[in-house]
Amino acid sequence: MNTKRGGKIVLHFIADFFVYETAKSVVVKSWSVGIINRVVQLLIILYFIGWVFMHEKGHQLRDTGIESAVMTKVKGLGKFNNHVMDVADYVVPSQGGSSFAVITSMVITANQTQGRCPETEDKFKCTTDDNCMAKLGSNLGNGIITGTCLNTTNGTTGWCEIEGWCPAEDDNVSEKPMKEVENFTIFIKNSIRFPMFNVTRGNFPSSLNQSYIQSCHYDPVDHPFCPVFKVGDILRHINQSLDSITDKGGEIGININWKCNLDYNVMYCNPIYFFTRLDAAFENSVASKGYNFRFAKYHQSEDGTERRMLHKAKAIRFEIIVSGNAGKFSTVPFLINLVAALTSVGLATVFCDIILLNFHKGADEYKAKKFEEVSGVVSESANNRHCEGSQMSIKALEKSSNDSGTFSIGRQEAHSSSNQ
Amino acid sequence: MNTKRGGKIVLHFIADFFVYETAKSVVVKSWSVGIINRVVQLLIILYFIGWVFMHEKGHQLRDTGIESAVMTKVKGLGKFNNHVMDVADYVVPSQGGSSFAVITSMVITANQTQGRCPETEDKFKCTTDDNCMAKLGSNLGNGIITGTCLNTTNGTTGWCEIEGWCPAEDDNVSEKPMKEVENFTIFIKNSIRFPMFNVTRGNFPSSLNQSYIQSCHYDPVDHPFCPVFKVGDILRHINQSLDSITDKGGEIGININWKCNLDYNVMYCNPIYFFTRLDAAFENSVASKGYNFRFAKYHQSEDGTERRMLHKAKAIRFEIIVSGNAGKFSTVPFLINLVAALTSVGLATVFCDIILLNFHKGADEYKAKKFEEVSGVVSESANNRHCEGSQMSIKALEKSSNDSGTFSIGRQEAHSSSNQ
Amino acid sequence: MNTKRGGKIVLHFIADFFVYETAKSVVVKSWSVGIINRVVQLLIILYFIGWVFMHEKGHQLRDTGIESAVMTKVKGLGKFNNHVMDVADYVVPSQGGSSFAVITSMVITANQTQGRCPETEDKFKCTTDDNCMAKLGSNLGNGIITGTCLNTTNGTTGWCEIEGWCPAEDDNVSEKPMKEVENFTIFIKNSIRFPMFNVTRGNFPSSLNQSYIQSCHYDPVDHPFCPVFKVGDILRHINQSLDSITDKGGEIGININWKCNLDYNVMYCNPIYFFTRLDAAFENSVASKGYNFRFAKYHQSEDGTERRMLHKAKAIRFEIIVSGNAGKFSTVPFLINLVAALTSVGLATVFCDIILLNFHKGADEYKAKKFEEVSGVVSESANNRHCEGSQMSIKALEKSSNDSGTFSIGRQEAHSSSNQ
């Protein structure tokens, strides 16, 4: 008896589980609302197709973790201070990485040795030792201030004495910059990888032959695949004259942007180059413009003392900045956006319900149909729930709306009598 | 006749297409359920407004592909081993990039030439040639082990002979580190760009004048825009003493974090600096602490033989790590999150249905209203579908719930009789 | 009177606001549709659990802005051209950063001074000065072409004269590369940080002791935590012979990939290493294979003239590429995906409605139940809205479907009579 009843319950449960439930709909045969509904739905669909999927590629998985390796090689010969300068002289560092400086002019202070000597900067002019004592510990000089004022002769202004590499650098000397830099070329070999899709690409096709690469210069229209960039062309692209950048030195960014749609053939995954003056953010800054750095070459005299040749170099620094991302169809973002799209299409109903329930001729009629009311306090007996009985608790609902955003405004009072 | 009928079908189709369909709702006038419903909806809305939109900026498109260029310049003078050291001496590499080392102490082995000489490390002590033969091919010495043991005199311990740069480096010599490093300053010029929004920013405003930049030191409170960092201040920020870092060398990260809300004026897009000891992950490691490297300066004797001066330098390496992202209002993420929000608000119904259908006084009444049943086997004739006929297939449904998560528990048996 | 009426309206409004509205459902007791419904729902749920949540970690917030610091140290001794080479000789740059080159062979041109001398490249062979005048301004030579052809003797081919560092480099000399490079080891210390979760990790555990690190070599199976990599092992991993890479030089990427699930203990957050030949994208390229660069060591003669020793170095460049991301449970992505999941489960209804309304035995019956029709032109008086009255406007709906994707195909004509 007990198992029989248990079995019955299980059966009941299974039967209930496989019951299919679907929303009951009210169908309104109204041309005006029907057309508005379809137009709103169409707009939503067009938005999703056009913007979310076609423009924003909402159906693709995006790999933004691009891995990149850059090799550069500068070519060109210049003349500075009657010396011929080649790559080994003007490119620092020499290894051909993604960041390097091309020296355009130098202030060279030769034969420095450790010792004591006068400063050269105007900041350190003095007439008495007290002037120099006040500057003890300064980081701005060429050496450690000793506190002594070295006057040339009686009473005239002299310079504070420093301890350090002597003679001190005098960077007021100005040499003409190496203007041949405009004809220098930069060869860039950039290979990238999108780890998510395991796609490896180079910035120029394997089919380019040696002689083309040796002779071509990059041009966005005529030679988009040529990996050789002329410095003069780059300056033109960023609207800078050679003088403006060699005057104080500067930083130029060569951006290699990879934006790949891997739903197409990988052959179409090619980079776009563009150029920026990286210190542009400081263009209007009155302080610390340009780019320069100091380095020294060390020599040893026969007597064993170390000498150095200090170089203050003004340079153009090039930074190869590789960025990009790749997209490929993937179910997860596609589904999320599709569900968002479908759900959004359903939102047309919200808009139409507002019209239908408030501004349409038969609004009351629709309300009566759409909303079935159940009072909070139910007293009818169970067997009373027949057609007539249930009708008693069903009445047209006039409410200020709410869920699903349907708003029916005012007129509640007026109608309450019409339902009965 | 045929075209007339075809036209009629087309008309019918169009009429059907513009029919408007909206969900039929059951309205329950119950204070308890109504209030619960609104409270749950309110919580969901608050969650979305407060967390998703205000905190997580769910309505913004985010550009995480920040492009950055860093220029650094160290200033300061130190004394090491009675030599005054300036920037050209202690900063490696000299070009002022985003990663550089400040040498704080060196072991210098002067006048090395190619040849044969004894090792200096304890690992290579020997008494017989066999001791050294066992170490052939070792990578740990200062030169290639020849297999000979160079004993000073009879029977005492000597050192294995090496072939290479002689004399071998003896790094047990310890010089006092250059403690002036604490007063050195690092000037950082960082310009960034968010390619997605084409926004370029510098780490300090153009309005700062030269004299301010030359005299200020960064302080998070007093000088948040000063781009000059004192090494001592940085050490204080990361709770390290100078001795702890100069003892074995170390790595310090200067993080420049850009977090920009481009819905506001771009003027508010400013970086936050913070400092980390990069080798902190290896703090408790017993092996290979600190940071040091070897480099050589090469000289040529008059007789043409190459000599070198080997430097083993302990240094503080600074890495400027630029990170950040920018957000700006965009329709796609906004819509996705808004749809998620609206859909989630609808989920309040799920919760309230559970209460209403199970724990509320008039639960059975509601079930009867909410669910209209259609039997799987339908035998009534079509014209029977009047009020009474349809009533026959409509009955209160008692089911274990299911779709839309509505659960009505138990009591199926008890009620099945009450539905007639 | 007025306040009484106003109060009544407010009360009415509040009462309306707390009315609870839930969708009216049609329940179909059909085994076939019920089972289909449940199976479709199950598939959708399985998809979300298996793919979106378990595989794609849709419930986690992802930090892709990994911050990384790399320190490297190469060890090993080689012989090139009868000279013993140590770290200070063959690693450029010496500071032990994330990118460095190991020089495997060099063409050394000693004792260059500024002056005039003949070219050495075949491109600059000439018989008359006109040959050389045609090459004025070329960037490909070792110096600036003067336009003079230096013929050895009468009529035989000579070389164009250049101005620059003399004698010109002759890179046809080929020395045997330093083959000991295969035994060199690279020690890598990599510490990373996920700023979003403030998690710092090192690439090897602190518990490794000094002697293990000094003796171990990385192996993916036996020594996965050993941070010392043998160059020969790396070459084996990327299927390259030493000869193939030392012949022209090359670039090798050591990828350190961190993929951390921070829902588990941070101890399980360890990197995976893999190796790539970075110039693989140019493998089939006929042009500019390999990797080489030029640098010079400068000397000063007693008479003050500057001399240099030009090195053209073929090298293996190593790039340590750190990538990775970390995920941790977060409510926002979890909720978005959960809502997408729940909404998608509801989409099963769409599929089942199509079956139910078109291909099922009692399709008409279901249509009649699911859709309640309201005509656009409503003329019935309000008091007519009783059971019979409403029945008049309810009739089985035959429409080509539409909203929520339910399609009921054809048969409209046949039925229109059955609806009375």
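Criteria and thresholds
- Residues numbered from 1 in each chain as written.
- Chains lettered and ligands numbered in written order.
- Predicted model: local features only at pLDDT ≥ 70, side-chain atom pairs only at ≥ 80, totals over all residues.
- Heavy atoms only, no water.
- 1 Å grid on protein atoms, 1.4 Å probe; cavity = no way out; pocket = protein on both sides within 12 Å on 5 of 7 lines; lining within 4 Å.
- Points joined across faces, edges and corners; volume = space filled by probe spheres on them.
- Helix = DSSP H or I, 4+ residues; strand = E, 2+ residues; numbered from the N terminus.
- Nonpolar A, V, L, I, M, F, W, Y, C, P; charged D, E, K, R; others polar.
- Contact = heavy atoms within 4.5 Å.
- Buried area = accessible area lost by both parts, 1.4 Å probe.
- Salt bridge = Lys/Arg side-chain N within 4 Å of Asp/Glu carboxyl O.
- Pairing = 2+ DSSP bridges.
- Least-squares fit on C-alpha atoms with pLDDT ≥ 70 in both.
- UniProt positions renumbered as here; feature names shortened; annotations may be inferred.
- Polar contact = N/O pair within 3.5 Å; in protein donor to acceptor, adjacent residues only side chain to side chain.

Thoughts on empty space enclosed by the protein
Part 1 of the argument: Taken as a whole and assessed by the stated rule, the structure comprises 9 cavities of 30 Å³ or more.
Part 2 of the argument: A volume near 100 Å³ is recorded for the largest cavity.
Part 3 of the argument: For the lining of the largest cavity, the elements supplying multiple residues, two or more each, are helix H8 (331-346) of chain A, helix H8 (331-346) of chain B together with helix H8 (331-346) of chain C.
Part 4 of the argument: When its residues are assigned to classes, the lining of the largest cavity shows 9 nonpolar, 3 polar and no charged.

Here's the deal with the interface of chain B and chain A
Part 1 of the argument: Each partner contributes residues to the interface: chain B has 91 residues there, and chain A has 102 residues.
Part 2 of the argument: A buried area of about 8,400 Å², summed over both sides, lies between chain B and chain A, and 55% of it is on carbon and sulfur atoms.
Part 3 of the argument: Remark: the boundary between chain B and chain A carries 4 salt bridges.
Part 4 of the argument: Measuring nitrogen to oxygen at the nearest pair gives 2.9 Å for the salt bridge that ties Arg 308 of chain A to Asp 89 of chain B.
Part 5 of the argument: In terms of residue class, the side of chain B that touches chain A is made up of 32 nonpolar, 36 polar and 23 charged.
Part 6 of the argument: Across 4 bridges, strand E2 (residues 25-29) of chain A lies against strand E1 (residues 20-23) of chain B in antiparallel orientation. Among the inter-strand pairings, Val 28 of chain A is bridged to a residue of E1 of chain B, identified as Tyr 20 of chain B.

Description of the relation of the copies chain A and chain C
Part 1 of the argument: Between chain A and chain C, which share one sequence, the superposing operator has a rotation angle of 120° and an axial displacement of 0.1 Å; the RMSD is 0.1 Å. The symmetry that links the two subunits is that of a three-fold axis. Within chain A, the C-alpha atom positioned nearest to the axis of rotation is that of Lys 24 of chain A, 3.2 Å from it.

Description of the UniProt feature "binding site: ATP" (unreviewed entry) in chain A
Part 1 of the argument: Within this numbering scheme, the UniProt entry marks Lys 73, Val 74, Lys 75, Thr 185, Asn 292, Phe 293, Arg 294 and Lys 312 of chain A as carrying the feature "binding site: ATP" (unreviewed entry). These annotated residues cover 240 residues of sequence, and their C-alpha atoms sit far apart, with the largest distance between any two at 24.6 Å.
Part 2 of the argument: With near-sequence residues (within four places) excluded, Lys 75 of chain A lies in contact with Val 87, Tyr 90, Phe 184 and Thr 185 of chain A together with Asn 139 and Leu 140 of chain C.
Part 3 of the argument: Relative to the elements of secondary structure, Asn 292 of chain A occurs in strand E17 (residues 292-300).
Part 4 of the argument: Look past the residues within four positions of Asn 292 of chain A in its chain and what remains in contact with it is Lys 312, Ala 313 and Lys 314 of chain A together with Lys 73 of chain B.

With respect to the interface of chain A and chain C
Part 1 of the argument: Taken together, the 90 residues of chain A in the interface contact 99 residues of chain C.
Part 2 of the argument: Summing both partners gives a buried area of about 8,400 Å² for chain A against chain C, and 55% of it is carried by carbon and sulfur.
Part 3 of the argument: Summed over the three residues of chain A that lose the most area to chain C, namely Tyr 20, Lys 24 and Gln 95 of chain A, the buried surface amounts to 10% of that side.
Part 4 of the argument: Our count for the contact surface shared by chain A and chain C stands at 4 salt bridges.
Part 5 of the argument: Taking the shortest distance from any N to any O, the salt bridge between Lys 79 of chain A and Glu 163 of chain C comes out at 3.0 Å.
Part 6 of the argument: On inspection of chain A and its partner chain C, the count reaches 28 residue pairs in polar contact (both at pLDDT 80 or more).
Part 7 of the argument: Tallied by class, residues from the side of chain A that touches chain C come to 33 nonpolar, 35 polar and 22 charged.

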